[in-house]
Each structure stands twice: as structure tokens, then as C-alpha cells.
Amino acid sequence: MPHALSRRPVPAALLAVAVLVAAFIVVTTLTAHAADTLLSQGKPATSSSSENAGTPAAAAVDGNAGTRWSSQFADPQWLQVDLGVTATISQVVLQWEAAYAAPMRVEV
């Protein structure tokens, strides 16, 4: 089920993303008459694995496009971000490294 995203806002305290290799995850919420707010930056992130010490789960949400999370090369892998609060999520943006991307599922 590639790229299965719901179009309706969903309250969420925990974002779980089943991915093989992800570079940077941006979770935003849209408020009336305001710019998007980045909810995921700096929040606690955990994953099923890391390729090495230089690609930890926290790098997926550190706001730095020069860092990334990378899992071990085996399926399935996952990354989750604890937003800490209930929020209405308007979009999830995944920025992939120039590598093979497997089908994924986004859960909120």
C-alpha cells in the first residue's frame, strides 16, 4: 500500500512511519491565517534500527537537511515521532535520500 495517507485531519500524539530509509520528516499543522507549524522538529524519535551511529532516529526530525535517519537494510523498519500533544495534522512531508525507497505506510 504505497503512500497511504488520509486527507482528513486526525488528532495524534504519536506518528508512526513504516519506512526503509528516510532522510528527514516534517510534520506540520495548518492554523487559520498563519503559516504551517513544524510539529516534529526536535521531538523524541525512535526507530526499529539505525544503519550506524551517524544516522540515528533523532536525525529525522532535527530540522537539518544535511542529516538523516537510515535503518538497517532489512524489512520491515519503522520510525516514530512522539509529538507530545494532540494535534490536527494537515500534512506529512517525507524527504528521501537519493536511495531506494520501499512502499510505506504513514499512521497517525
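Residues numbered from 1 in each chain as written. Predicted model: local features only at pLDDT ≥ 70, side-chain atom pairs only at ≥ 80, totals over all residues. Heavy atoms only, no water.

Thoughts on the overall build of the protein
Reasoning step 1: Helices and strands together make up the secondary structure of the protein, namely zero helices and nine strands.
Reasoning step 2: When the elements of the protein are put in sequence order from the N terminus, they spell out β-β-β-β-β-β-β-β-β.
Reasoning step 3: Counting the 108 residues in the protein, one finds 35% classified as buried.
Reasoning step 4: For the protein, restricting intrachain contacts to residue pairs at least 6 apart in sequence, the fraction spanning at least 24 positions comes to 67%.
Reasoning step 5: Summed over all atoms, the accessible surface of the protein reaches about 6,200 Å², with 56% contributed by carbon and sulfur. (Helix = DSSP H or I, 4+ residues; strand = E, 2+ residues; numbered from the N terminus. Buried < 20%, exposed > 50% of the residue type's maximum accessible area, 1.4 Å probe, protein only. Contact = heavy atoms within 4.5 Å. Areas by Shrake-Rupley, 256 points an atom, 1.4 Å probe, with all protein chains shown as cover.)

Quick notes on unusual backbone geometry
Reasoning step 1: Put simply, Asp 75 and Pro 76 share a cis peptide bond, and its omega is -10°.
Reasoning step 2: Mapping Pro 76 onto the fold places it in the loop between β6 (69–70) and β7 (79–88).

Concerning the confidence of the model for the protein
Reasoning step 1: With 68% of its residues at a pLDDT of 70 or more, the protein has an overall mean of 73.
Reasoning step 2: Within the protein, the element-level pLDDT minimum falls on strand β2 (residues 21–22), averaging 34, and the maximum on strand β5 (residues 45–47), averaging 97.
Reasoning step 3: Here residues 1–26 is modelled with pLDDT under 50, and outside its nearest four sequence neighbours on either side it reaches 106 contacts, counting other chains as well. (pLDDT = per-residue confidence, 0-100.)

Overview of the environment of Val 61
Reasoning step 1: Relative to the elements of secondary structure, Val 61 occurs in the loop between β5 and β6.
Reasoning step 2: On the accessibility criterion, Val 61 (1% relative accessible area) is buried.
Reasoning step 3: Placed 23 residues apart in sequence, Val 61 and Leu 38 show a C-alpha to C-alpha distance of 9.8 Å.

Looking at the pattern of salt bridges
Reasoning step 1: If you walk through the whole model with that rule in mind, you get two salt bridges.
Reasoning step 2: A salt bridge links Arg 68 to Glu 51; the nearest nitrogen and oxygen atoms lie 3.9 Å apart. In this pair, Arg 68 sits in the loop between β5 and β6 while Glu 51 sits in the loop between β5 and β6, placing the two residues 17 residues apart along the sequence.
Reasoning step 3: By relative accessible area, Arg 68 is classed as partly exposed at 22%. (Salt bridge = Lys/Arg side-chain N within 4 Å of Asp/Glu carboxyl O.)

Focus on the nonpolar core
Reasoning step 1: Formed by 15 residues in total, the largest nonpolar core has its most connected members in Ala 45 and Leu 79.
Reasoning step 2: Looking at this core, the elements that each hand over two or more residues are β7 and β8 (91–95).
Reasoning step 3: The element best represented in this core is β7, accounting for four residues. (Core = buried A, V, L, I, M, F, W, Y, C linked by side-chain atoms within 4.5 Å.)

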